[in-house]
Structure formats: structure tokens, C-alpha cells
Amino acid sequence: MTQASFPGFAPAAATDRLFLAVFPDGEAAAQISALAAAQCARHGLRGKPLAPGRLHVTLFHLGDWAGLRQDVVDAATRAAARMRAAPFEVMFDRVASFDGRRDKLPFVLRSDGGNAALRAFRADLGARLGEEGVRLSEATGFEPHVTLAYDARKVAIGPVAPVVWRVEEFVLIHSLLGQTRRLRLGRWALG
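This is a predicted model, so every value here is computed, not measured.

**Student:** Would you mind showing me how to read the overall build of the protein chain here?
**Tutor:** Helix and strand counts for the protein chain come out as three helices and eight strands. Ordered by position in the sequence, the α and β elements of the protein chain form the string β-α-β-α-β-β-α-β-β-β-β. Its C-alpha atoms put the protein chain at 50 × 45 × 25 Å along the principal axes. Pairs at least 24 apart in sequence give 79% of the contacts found in the protein chain among residues at least 6 apart. Summing over all exposed atoms, the protein chain offers an accessible surface of approximately 10,500 Å²; the carbon and sulfur share of this is 53%. Here the protein chain contributes 25 positive and 19 negative side-chain charges, whose respective centroids are spaced 5 Å apart.

**Student:** Hey, could you run me through the environment of G44 in this one?
**Tutor:** Tracing the sequence through the fold places G44 in the loop between α1 (26-42) and β2 (57-65). When its relative accessible area of 38% is taken as the criterion, G44 is described as partly exposed. Between the C-alpha atoms of G44 and F88, which are 44 residues apart in sequence, the distance is 34 Å.

**Student:** Is there a simple way to think about the packing of aromatic side chains in this case?
**Tutor:** Remark: the centre distance and the inter-plane angle together describe each pair of aromatic rings, the angle taken between the planes. Overall, the coordinates contain four aromatic pairs when judged by the stated rule. Relative to F121, the ring of F88 lies with its centre 5.6 Å away and its plane at 45°, an arrangement referred to as tilted. Within this pair, whereas F88 is found in strand β3 (residues 88-97), its partner F121 is found in helix α3 (residues 116-131), the two being separated by 33 residues in sequence. Pair check on accessibility: F88 and F121 agree, each one buried. When the ring of F92 is compared with that of W165, the centres are 5.5 Å apart and the planes differ by 25°; the resulting orientation is stacked. Here the residue F92 occupies a position in strand β3, and W165 occupies one in strand β6 (residues 158-167), the gap between them amounting to 73 residues. In this structure F92 comes out as buried when scored by relative accessible area, which is 0%. A residue is classified by how much of its surface remains accessible, and W165, at 2% relative accessible area, is buried. Through a chain of ring-to-ring contacts, the aromatic side chains of F88, F121, F170 and W188 assemble into a single cluster.

**Student:** Just checking my understanding: could you explain the sheet that holds β2 for this structure?
**Tutor:** Here we have four strands laid out as an open sheet, ordered β2-β1-β7-β8, and antiparallel in their pairing. Among the strands making up the open sheet, the edge pair consists of β2 and β8 (181-189). Within the sheet, the average angular offset between the axes of one strand and its neighbour, ignoring direction, is 20°. Sheet topology places strand β1 (residues 16-22) next to β2; seven bridges connect them, and they run antiparallel. Bridge pairing links L18 to G63 in β2. Taken strand by strand, α3 contacts β1, β2 and β7 (169-176), and its axis lies near 30° from that of β2.

**Student:** Before we go on, may I ask you to explain the pairing of β3 in this structure?
**Tutor:** Each regular strand displays side chains that alternate between the two surfaces of the sheet. Among the ten residues that make up β3, eight are buried, leaving the element largely enclosed by the rest of the structure. Bridge count between β3 and β6: seven bridges; the pairing is antiparallel. Residue pairing in the sheet places V95 in a bridge with G158 of β6. Bridging between β3 and strand β4 (residues 105-110) involves four bridges; their strand directions are antiparallel. Bridged to V95 within β4 is L109.

**Student:** Help me understand α1, please; the structure alone is not making it clear to me.
**Tutor:** Note that an α-helix has 3.6 residues per turn; residues three or four places apart therefore point the same way. Compared with the 24 Å implied by 1.5 Å per residue over 17 residues, the 24 Å span of α1 between its first and last C-alpha is a close match. Buried within α1 we find A28, A29, I32, S33, L35, A36, Q39 and C40. Along its buried surface, α1 packs onto β3, β4, β5 (145-151) and β6. Where α1 begins, one side-chain oxygen reaches toward the backbone nitrogen of E27, 3.2 Å away; that side chain belongs to D25. Where α1 terminates, the next one or two residues include G44, which has phi positive at roughly 65°.

Rules used throughout
- Residues numbered from 1 in each chain as written.
- Predicted model: local features only at pLDDT ≥ 70, side-chain atom pairs only at ≥ 80, totals over all residues.
- Heavy atoms only, no water.
- Helix = DSSP H or I, 4+ residues; strand = E, 2+ residues; numbered from the N terminus.
- Contact = heavy atoms within 4.5 Å.
- Areas by Shrake-Rupley, 256 points an atom, 1.4 Å probe, with all protein chains shown as cover.
- Lys, Arg positive; Asp, Glu negative; His and termini not counted.
- Charge placed at Lys NZ, Arg CZ, Asp CG, Glu CD.
- Buried < 20%, exposed > 50% of the residue type's maximum accessible area, 1.4 Å probe, protein only.
- Phe/Tyr/Trp six-rings, centres within 6.5 Å; stacked < 30°, edge-to-face > 60°.
- Pairing = 2+ DSSP bridges.
- Axes fitted to C-alpha atoms, helices over the stretch in contact; angles between N-to-C directions.
- Expected span 1.5 Å × (residues − 1).
- Polar contact = N/O pair within 3.5 Å; in protein donor to acceptor, adjacent residues only side chain to side chain.

And the structure:
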């Protein structure tokens, strides 16, 4: 719930973010981390590559608030617990910059089409979230990607050696904004 703003009183700054994601296994995270360092150097990016433990594919951004929304945590947990899916593989074989703030463009690992199983899993999860009353504000289509770094320089899409991993679980993350701290509030195995 958002509180109305009164003249002279700005809304509280967001401190907490919730999202659902899949993370690469250790081997894939190491491969992505090495690829990020090599690609940042190749393209002359000054942004520091993300640490291997921060690499993930966001399935749904559930919101940013001043304080943790326990009602959203509870609804997302119920939705996640109802998911039934077999493990599946994902593959990423391109790098590119996404649009964003001019000084902070996401430099990402993405795929050339594909990842149908991931897209289907996400669609099913979105339906479960909706059934639990979670509002999803997905203004644009889902483009599966792993953010590698942030930089002011824009990089055109280009091929890289494919990175493949088997998705065995998904997680609910509570991110403490501005602190680079993330807490895993729940994890659900596939299969």
C-alpha cells in the first residue's frame, strides 16, 4: 500500500526490494564471472563486474518499499510453494547493453531467442502470483538476462561462447537497497 504524499512531506525512500530469481550453479557462475571480466576489458568498460554470488536471472521484481512488505513475502511464498516444474536448462550466448540511466547502463548476458522452458516456468509462476493477489507491473516483455556490470558506455549485441546451466531451484530475495546485501527468504527445488 502506498501512502499519499502531502505538500512538504516526501514519501519515504525505498530501502527494501523483493524479487524472485534463478541463480547459476557454481561452475556456471565462475564461467560467467570470467566472461564478464573478459568482455568488460574487451569493450573498455570501467564498471566493475558483479561478484559471482550476485549473478542471477530475475523472474519477477515484486517491488521496492520503505520497509519489508510481509504481506507480499507471504503471498509470494504461497505462490512459490504451489509451483510444480521439472528442472530445465538455460542458455545464454550474447552480450549487450540495455538502456538505462546514461551513466549506468546494464551490460548483460542474454540469449538469441531460446530459453522457452524458462519463459514457460516464469509464465506459470506469474499466474500463481496473480492468484495470490501479487500485483506484477511488467511494463515490458521478459528478456531473460544476467547482468554482468554497469557502465556508461553502450555495447552493441554480440556473440559469446554459450553459457549453459540446469535450473534446479528458484529463490525469493530480500535486497537491502544501497547496501549490496541480499537475504534469501525462501528457496524451492524443482522436480
